[in-house]
Amino acid sequence: MNTNYTAMRERPRRLLLCLDGVPYELIRQARQRGLFDRFHEPSRLLSPFPTMTNVALSTMFKASAPAGYESLYFDCERREMRGGIGKYVGRRTADKIPSSYMDRLDYQEPLHFEFLIYVAPEKIWQTDFSRFRQCLRAHAPAQDFFAFLKSTDGLLHIRGAEELNVALERLNELLRGVMKEYGQDTEIVLFSDHGMNLIENRRVSLRTHLRSCGYEFSHNLRGASASRIAVPAFGLCGYAAIYSLNDEVAEKVADNLTELEGVDFSICRKEDSVVVKSAQGEARILRKVRDEETFYRYQRIAGDPLKLQPTVKRMKEWFDAEDYAPEDVWYEQTGDHSYPDVLANLYGALFDSRVRHTANLLVSFKDGYYYGAKAFSYLAPRLRATHGNALSPSSNAFLMSTHRTFPATVRAKEANSILC
Ligand SMILES: [Zn+2]
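The rules behind these values
- Residues numbered from 1 in each chain as written.
- Predicted model: local features only at pLDDT ≥ 70, side-chain atom pairs only at ≥ 80, totals over all residues.
- Heavy atoms only, no water.
- Axes fitted to C-alpha atoms, helices over the stretch in contact; angles between N-to-C directions.
- Helix = DSSP H or I, 4+ residues; strand = E, 2+ residues; numbered from the N terminus.
- Contact = heavy atoms within 4.5 Å.
- Phe/Tyr/Trp six-rings, centres within 6.5 Å; stacked < 30°, edge-to-face > 60°.
- Buried < 20%, exposed > 50% of the residue type's maximum accessible area, 1.4 Å probe, protein only.
- Lys NZ or Arg CZ within 6 Å of the ring centre and 35° of its normal.
- Pairing = 2+ DSSP bridges.

Colleague: Explain the packing of helix 5 (residues 151-159) against helix 6 (residues 161-182) residue by residue, including any values.
Modeller: Orientation of helix 5 relative to helix 6, taken along the N-to-C sense of each, is 145°, at an axis distance of 7 Å. In this structure, helix 5 uses Thr 152, Leu 155, Leu 156 and Arg 159 to contact helix 6, whose residues at the interface are Ala 161, Glu 163, Leu 164 and Ala 167.

In structure tokens, the structure reads:
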């Protein structure tokens, strides 16, 4: 960040520090152990679905949408898979920058660390932390500084919460040093992009199952075959993005997925609504805008796939004649739901261009399940934590500051005014 406000700044210099993948819950626990005690109470920062780094940070910084959910993605115009592992080789040249939020970074680990973390997690996080400290030391003391510590994500995936807690202790010491050096003139804002479940996760047999239902997995979708689908498989995460001939095909795939172990629900578009399908039933999410105010409707077709019935009862007085309620009321009533702020979150996942090439179908897995590249499964035979789904452990990132107190829950799209 080259914001230099020395002459005119009305706020303290800001040190922004993003810890990749650290869930709200682990920070809350760390504070109970006495860590980060110079910070104000942490807020839950709601990470958008799918709860993945580039989706989250581009939303939080109102930056350009990344091409896809991960570096391997499906290009809807070329109708083929692009990117992938090549994006990680060599230096971080322009074609390897997924979103413009990265232009703001003063520090991030070198690209190859993202893989070395699988081989030597302890060494990598320690190196990442000390490189950050060196970089900060070399930075002009009057200027804001934005660092992204990515090693915490890999560390959690591979080693789990216990090792992460060791890293948090180290970070606590490091930040005490920073506070001592810069004093009250520097505000430290510590936050994460998404959370993480903290349980062992296993692979969903997505390919086997969909093949047995008659679908063919392909790298491109040129031509008019309704049985061909493209599913970019990369990091070992709790969601899958499925591309198909059109939204009608996607809805059929969603039907086939309701019976697969590990699938929580799938969403696809139907005209201007979102269809939610799961073993628990089917529902629609509808949005309307009236006098610049946004309203959502949860229309149950069968069962209650998003477990919203008790909330709907509580909100009775808020519904209009068409069964819509204001976005802010839904947010107030579902901010701490097991699917936080679920209607706006899922609707936005398919209609708000969180990525340039939105999938026809997004699948949210239950905690304990992932899908991704087989090659990574060999590198990480045990996956002790992951993220990507719409459940609260992955959706609840955190946000806290040494100088300011924020609301208990902050939506990703509101983060920009706090962070920048
Ligand atoms: Zn991750």
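Colleague: I'd like to hear about the packing of aromatic side chains, residue by residue, with values.
Modeller: Following the criterion strictly, the structure yields 16 aromatic pairs and no others. Centroid distance Phe 36 to Phe 39: 6.0 Å. Interplanar angle 75°. Geometry classified as edge-to-face. Geometrically, the ring pair formed by Phe 74 and Tyr 243 is tilted, given 4.8 Å between the ring centres and 35° between the ring planes. Of this pair, Phe 74 sits in strand 3 (residues 72-75) while Tyr 243 sits in the loop between strand 11 (239-242) and helix 8 (247-257); the two residues are 169 residues apart in sequence, bridging distant segments of the chain. The buried category is assigned to Phe 74, whose relative accessible area is 0%. Clustering of aromatic rings is evident, with ring pairs tying together Phe 49, Phe 265 and Tyr 339. In this structure, Lys 288 is placed above the aromatic ring of Tyr 324, and the distance from its NZ or CZ to the ring centre is 4.4 Å. Note that Arg 290 overlies the ring of Phe 295, its terminal NZ or CZ placed 4.6 Å from the centroid.

Colleague: Which residues make up the sheet that holds strand 19 (residues 396-401), and what are the values?
Modeller: The strands making up a sheet associate through hydrogen bonds between their backbones, and the pairing can be parallel or antiparallel. The strand order 5-6-1-7-19-2-20 describes an open sheet built from seven strands, whose pairing is mixed. Since the sheet does not close on itself, it has two edges, and those belong to strand 5 (107-108) and strand 20 (409-411), each with one partner. Relative to strand 6 (residues 145-149), strand 1 (residues 13-19) is paired through five bridges, and the arrangement is parallel. Across the sheet, residue Leu 15 finds its bridge partner in strand 6, namely Phe 145.

Colleague: Explain the pairing of strand 1 to me, using residue names and the numbers behind them.
Modeller: Counting buried positions along strand 1 yields seven of seven residues, so the element is predominantly enclosed. The alternating pattern of strand 1 places Arg 13, Leu 15, Leu 17 and Leu 19 on one face and Arg 14, Leu 16 and Cys 18 on the opposite face, and all of these are buried. With six bridges joining them, strand 1 and strand 7 (residues 186-191) adopt parallel strand pairing. Of the residues in strand 7, the one forming a bridge with Arg 13 is Thr 186.

Distances and angles like these do not, on their own, reveal function.
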